Amino acid sequence: MSQDNGKNIDAIYYRDGVDNSISMKILKIARRSMLNLFMKTLSPNENTRVLDIGVSDDENEGANFLEKYYPWPKNITCAGLGTGEAVLAAYPHVSFQQIAPGERLPFPDKSFDIACSNAVIEHVGGPE
């Protein structure tokens, strides 16, 4: 899990970064626009296998938009640093795979038709 002295980093981000209603409203608009672009550009269908890398351990109205709104959740495999408990509880039709920082992803080549990673870049460190 994304941890900082035992705390869920995602929960801290949502608490401190976008907890107020204006920030959450803007976040939801931006993520909905990204999802619409994803659907329009990639044209997935009911058979498209999707890997979502970097799902949040904190389930709230601004997190995990693909899981929340994708029309074929059974075709989503979520990958994240946490245990996936919150994701699986909220979205029981998706699959979850825990991954480790700096390690290769544990999937054979060509396991997915689409791989996406949303809202991860702010967690990967500095310019170096």
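Residues numbered from 1 in each chain as written. Predicted model: local features only at pLDDT ≥ 70, side-chain atom pairs only at ≥ 80, totals over all residues. Heavy atoms only, no water.

Some details on the overall build of the protein
Of regular secondary structure, the protein possesses four helices and six strands. Along the protein, helices (α) and strands (β) appear in the sequence β-β-α-α-β-α-β-α-β-β when read from the amino end. The long-range fraction of contacts in the protein, counting pairs at least 24 apart against all pairs at least 6 apart in sequence, stands at 64%. For the protein, the accessible surface area stands at approximately 8000 Å², while carbon and sulfur atoms represent 53% of it. (Helix = DSSP H or I, 4+ residues; strand = E, 2+ residues; numbered from the N terminus. Contact = heavy atoms within 4.5 Å. Areas by Shrake-Rupley, 256 points an atom, 1.4 Å probe, with all protein chains shown as cover.)

Overview of the confidence of the model for the protein
A residue-level look at the protein finds 77% of positions with pLDDT of 70 or above and a mean pLDDT of 83. A low-confidence stretch, residues 1-6 stays under pLDDT 50, and its non-local contacts, those more than four residues away or across chains, total 15 contacts. (pLDDT = per-residue confidence, 0-100.)

Here we look at the sheet that holds strand E4 (residues 76-80)
Pairing within the open sheet is parallel, and its four strands lie in the order E5-E4-E3-E6. Strands with a single pairing partner mark the edges of an open sheet, and in this sheet they are strand E5 (95-98) and strand E6 (114-116). Neighbouring strand axes in the sheet, compared pairwise and without regard to direction, differ in orientation by 20° on average. The sheet contact formed by strand E3 (residues 50-53) and E6 spans three bridges and is parallel. By the bridge assignment, Leu51 is partnered in E6 with Ala115. (Pairing = 2+ DSSP bridges. Axes fitted to C-alpha atoms, helices over the stretch in contact; angles between N-to-C directions.)

Digging into the packing of aromatic side chains
The description of an aromatic ring pair uses the distance of the two centres, along with the angle that the planes make with each other. With the rule as written, the count across this model stands at four aromatic pairs. Ring geometry for Phe65 versus Tyr69: centroids 5.0 Å apart, planes at 55°, classification tilted. Here Phe65 pairs with Tyr69, and both are found in helix H3 (residues 65-69), just four residues apart, close to one helical turn. Seen in terms of ring centroids, Phe107 and Phe112 are 5.1 Å apart; in terms of plane orientation they differ by 85°. Their pairing is edge-to-face. Assessed through its relative accessible area of 21%, Phe112 is described here as partly exposed. Grouping aromatic residues by their ring pairs yields a cluster made of Phe38, Tyr70 and Trp72. We note Arg32 situated over the ring of Tyr69; from NZ or CZ to the ring centre the distance is 3.9 Å. (Phe/Tyr/Trp six-rings, centres within 6.5 Å; stacked < 30°, edge-to-face > 60°. Buried < 20%, exposed > 50% of the residue type's maximum accessible area, 1.4 Å probe, protein only. Lys NZ or Arg CZ within 6 Å of the ring centre and 35° of its normal.)

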